[in-house]
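Descriptive structure summary
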Amino acid sequence: MTRRERGPLRPPWAGPLGLYHPGTTVVHRLPAGAKLAGLALAGVAVLLLDGPRSAVGALVVAVGVLLVARVPLHRTTRGLLPVTVLALVLGLYQTWSRGWEVGVEVAAELLALVVLGTVVTATTRSDALLDVLARVTRPLRHVGLHPETAALAVGLFLRTIPVLAQSSLDVRAAARARGLDRDPRALVVPAAVRMVAHARATGDALAARGLADD
Amino acid sequence: MTDAPEKHLSTDSAAAAAVHPAPVVRSSVATDVALVSTFAAFIAVCAILPGIPTPSGVPITLQTFGVVLAGLVLGWRRGALAVLLYLVVGLAGVPVFADGTGGLVVLTKPSVGYLLAFPFAAAVAGLLAGRALRLTGALRYLALVGAGLGASFLTIHPAGIVGLMARLGVSFGEAFAIDVVYWPGDLVKNLLAAAVALAVFRAFPDLLRSRR
Amino acid sequence: MIELDDVVVTAWSPDPAGGADRVVRLLGPVTLRLAERRIAVVGANGSGKSTLARLLNGLVLPSSGTVRVDGLDTATDGAAVRQRVGFVFTDPNAQIVLPTPLEDVALSLRRRFPDKVERLEAARAALRRFGLGERADVSVHALSGGQRQLLAIAAVLAVEPAVLVCDEPTTLLDLRWRRVVDDLLADLDQQVVVVTHDLDAARRADRVLVVDDGLVVYDGDPHEAVAHYEALMGQAGVP
């Protein structure tokens, strides 16, 4: 994959909303919860239905939804191409070992689910899905998981990814400057120690801002 | 945990504690949130770093290294929470999984078993590490390596094989043959994770006190 | 008014020989009354000046003695103290906890404005006040170091604390941003306690504390205090 050769993290990192494609189609307007439920149902249905015919049917439906959602191809293909190749290899292998019916069924089912998953991912904003999640997990506050703390953790998580990515690049440069860039410990140990130091400084900052006082 | 601060005090340092008032440790919800979020981000960075593609469609990445390290360093509860946070945000569509993917689509891929086993792996690694840390010297290192390997072979590999069987329609034997490819890398990652965990404990000894 | 009475801070320290943990003294005993508007704290690395700063909003709790801010004890009224005392760290990277400036400032305001729309509007206004209005929605990662420190200060001041404590706020900044932050702090209405290695900034304070080996060894006139500190560092030589 040539796109990986530019560096460990393609700058800019696709970001918190990286896989969402804005749009106004029916699929976009469906509530996130409904799409989640639909995807779960599709997963169960594919498991229950047997035979190549229903699998191909599922694939046709999935591609239909993809077309209705008008997700541009270049976005979907980035995720779909490797899976398509995998499905083809798998289909050929299963045809050779168990007959063409199984080959077609397994390959078509895999592709159908991956296409549906891609559509849900591309048509639903992450924050909408996280909101659904917050609603679903609200009962957990009785066991000590406060929704506000969870939301803070999500934000902090997203904020910390670029910080750590940058820090791993710094550590790599430092190791190279000392001629140690072939020793995995010289790369990972300083990165991990810096990470924990960063986490503790962040914890202090959260406490200082009174954000953990609720 | 049994390693409450008082237990570490020998008679000498108990005498020293009489000279100096004992430290007051601030309750650390904030630090826990920060550690959990930061380790979740570390797992994401490990996953986003380029992996080695394999024919089964499950690339070899540093992800499991991050998962095991979270368990070893943070303990079972915070370790599992860190991995859960990572999984949930990834499933919601943020591209934090291997190869820069994200979203519910990963549940439909052959790697689903491995992914869903991660929180359990961190928890098991954390539990076993709690015992390993009672040892000293080289034994401690080996026991930490064992904790990581134990977590990975009790959770990640069995779940991964089940996922492969379900998604690829292959037999146990075939799925096992795919899974074996990851074993050497796993061993190396666990050797490294134990070394890194020990280095982190040397740099921040109080993490040993607050493990839970 | 900040009052420290007979404060001692200790910490656990591992025995280098691998034995049991020991208790070490980081600071104290210290008794202080801080009422001046501009107070600077100078001292060598590891002298205990950061510990002193962290005591003031309950980030560090005294092992013995009491710290009170306007009569509120940091050990028992921590949340109320933190609403009154804002804290700015050296490294804004650790202090900014959310992905964009707007979200980060809004997080500070969540208790004051329960309504999300009002909260975001207030956060935008706060960012405009500090010249970050244009950058409200960009990734924090895309900000320069100086802008990030400005954002960290904005997020703390958005809740209008009565006291601002800064732990080396300009150490990581270039000369230009150092001046921006110094001027900003100088113009605030709040009482400001700043830990600094910048002796010029210290000389502009109303009162300077010199901390060495966990004790306040000089307290008073800025120029004399800085001279005392320079003499202290001169005779100390390389540690």
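Residues numbered from 1 in each chain as written. Chains lettered and ligands numbered in written order. Predicted model: local features only at pLDDT ≥ 70, side-chain atom pairs only at ≥ 80, totals over all residues. Heavy atoms only, no water.

**Some details on the overall build of chain C**
In terms of regular secondary structure, chain C is built from 9 helices and 10 strands. By the compact-globule yardstick of 18 Å for 239 residues, chain C fits well, its C-alpha radius of gyration being 19 Å. Within chain C, buried positions represent 54% of all 239 residues. Accessible surface computed for chain C: about 10,200 Å², of which carbon and sulfur atoms make up 51%. (Helix = DSSP H or I, 4+ residues; strand = E, 2+ residues; numbered from the N terminus. Rg over C-alpha atoms; globule rule 2.2 N^0.38 Å. Buried < 20%, exposed > 50% of the residue type's maximum accessible area, 1.4 Å probe, protein only. Areas by Shrake-Rupley, 256 points an atom, 1.4 Å probe, with all protein chains shown as cover.)

**Some words on the overall build of chain B**
Along chain B, the regular secondary structure elements total 10 helices and 0 strands. Order of helices (α) and strands (β) in chain B, N terminus to C terminus: α-α-α-α-α-α-α-α-α-α. A burial count over chain B gives 59% of its 212 residues as buried. For chain B, restricting intrachain contacts to residue pairs at least 6 apart in sequence, the fraction spanning at least 24 positions comes to 70%. Looking at chain B as shown, the accessible area adds up to about 7,900 Å², and 73% of this sits on carbon and sulfur atoms. (Contact = heavy atoms within 4.5 Å.)

**Observations concerning the interface of chain B and chain A**
Contacts between the two partners involve 58 residues from chain B, matched on the other side by 61 residues from chain A. Overall, the association of chain B and chain A removes approximately 4,900 Å² of surface from exposure, summing both partners, and the carbon and sulfur fraction of that is 77%. Summed over the shared surface of chain B and chain A, the result is 2 salt bridges. The salt bridge involving Arg 200 of chain A is made with Asp 206 of chain B; its shortest N-O contact spans 3.0 Å. Across the contact surface, chain B and chain A share 6 residue pairs in polar contact (both at pLDDT 80 or more). (Buried area = accessible area lost by both parts, 1.4 Å probe. Salt bridge = Lys/Arg side-chain N within 4 Å of Asp/Glu carboxyl O. Polar contact = N/O pair within 3.5 Å; in protein donor to acceptor, adjacent residues only side chain to side chain.)

**A closer look at the pairing of strand E8 (residues 191-195) of chain C**
Residues and elements named next belong to chain C. With 5 of 5 residues buried, E8 is to be regarded as a mostly interior element. The two faces of E8 match: Gln 191, Val 193 and Val 195 on one face and Val 192 and Val 194 on the other face are all buried. Across 5 bridges, the pairing between strand E7 (residues 163-167) and E8 is parallel. By the bridge assignment for E8, Leu 164 is matched with Val 192. On the question of chirality, the crossover connecting E7 to the parallel E8 by way of helix H7 (residues 175-186) is right-handed. (Pairing = 2+ DSSP bridges. Right-handed = clockwise from strand over helix to strand, strands pointing away.)

**Thoughts on the pairing of strand E9 (residues 207-212) of chain C**
All names here are of chain C. In terms of residue burial, E9 counts as a mostly covered element, since 5 of its 6 residues are buried. The pairing of strand E3 (residues 38-43) with E9 spans 5 bridges and is parallel. Bridging across to E9, Gly 43 finds its partner in Val 211. Two elements, E9 and strand E10 (residues 215-220), share 5 bridges in a ladder whose sense is antiparallel. Following the sheet pairing, Val 211 is matched in E10 by Val 216. Hairpin remark: E9 followed by E10, antiparallel, with 2 residues in the connecting loop; positive phi at Asp 213, about 50°.

**Considering the interface of chain A and chain C**
A common way to express how large an interface is: the accessible area buried when the components associate. With 22 residues of chain A in contact, the opposing surface of chain C contributes 24 residues. Summing both partners gives a buried area of about 2,000 Å² for chain A against chain C, and 55% of it is carried by carbon and sulfur. Where chain A packs against chain C, one counts 2 salt bridges. Across the pair Asp 104 of chain C and Arg 209 of chain A runs a salt bridge, and its minimum N-O distance is 3.2 Å. For the pair chain A and chain C, the number of links is 10 residue pairs in polar contact (both at pLDDT 80 or more).

**Describing the UniProt feature "transmembrane region" (unreviewed entry) in chain B**
All names here are of chain B. As recorded in UniProt, the sites labelled "transmembrane region" (unreviewed entry) are residues 33-52, 58-76, 83-106, 112-129, 141-167 and 187-204. Each end of residues 112-129 is marked by a C-alpha atom, and these two atoms are 26 Å apart; helix forms 100% of the span and strand 0%. Secondary structure across residues 187-204 comprises 94% helix and 0% strand; the distance between its end C-alpha atoms is 26 Å. (UniProt positions renumbered as here; feature names shortened; annotations may be inferred.)

**Regarding helix H2 (residues 32-48) of chain A**
Side chains of residues three or four places apart in an α-helix project in the same direction, reflecting 3.6 residues per turn. Residues and elements named next belong to chain A. The terminal C-alpha atoms of H2 lie 25 Å apart, and with 17 residues this matches the ideal 24 Å at 1.5 Å per residue to within 8%. Among all positions in H2, only Ala 32, Lys 35, Leu 39, Ala 42, Gly 43 and Val 46 are buried. One side of H2 carries all its buried residues, which in axial view fall inside an arc of 100°. Those residues of H2 that are exposed and aimed more than 90 degrees away from the buried face are Leu 41 and Leu 48. (Expected span 1.5 Å × (residues − 1). Arc of directions from axis to C-beta.)

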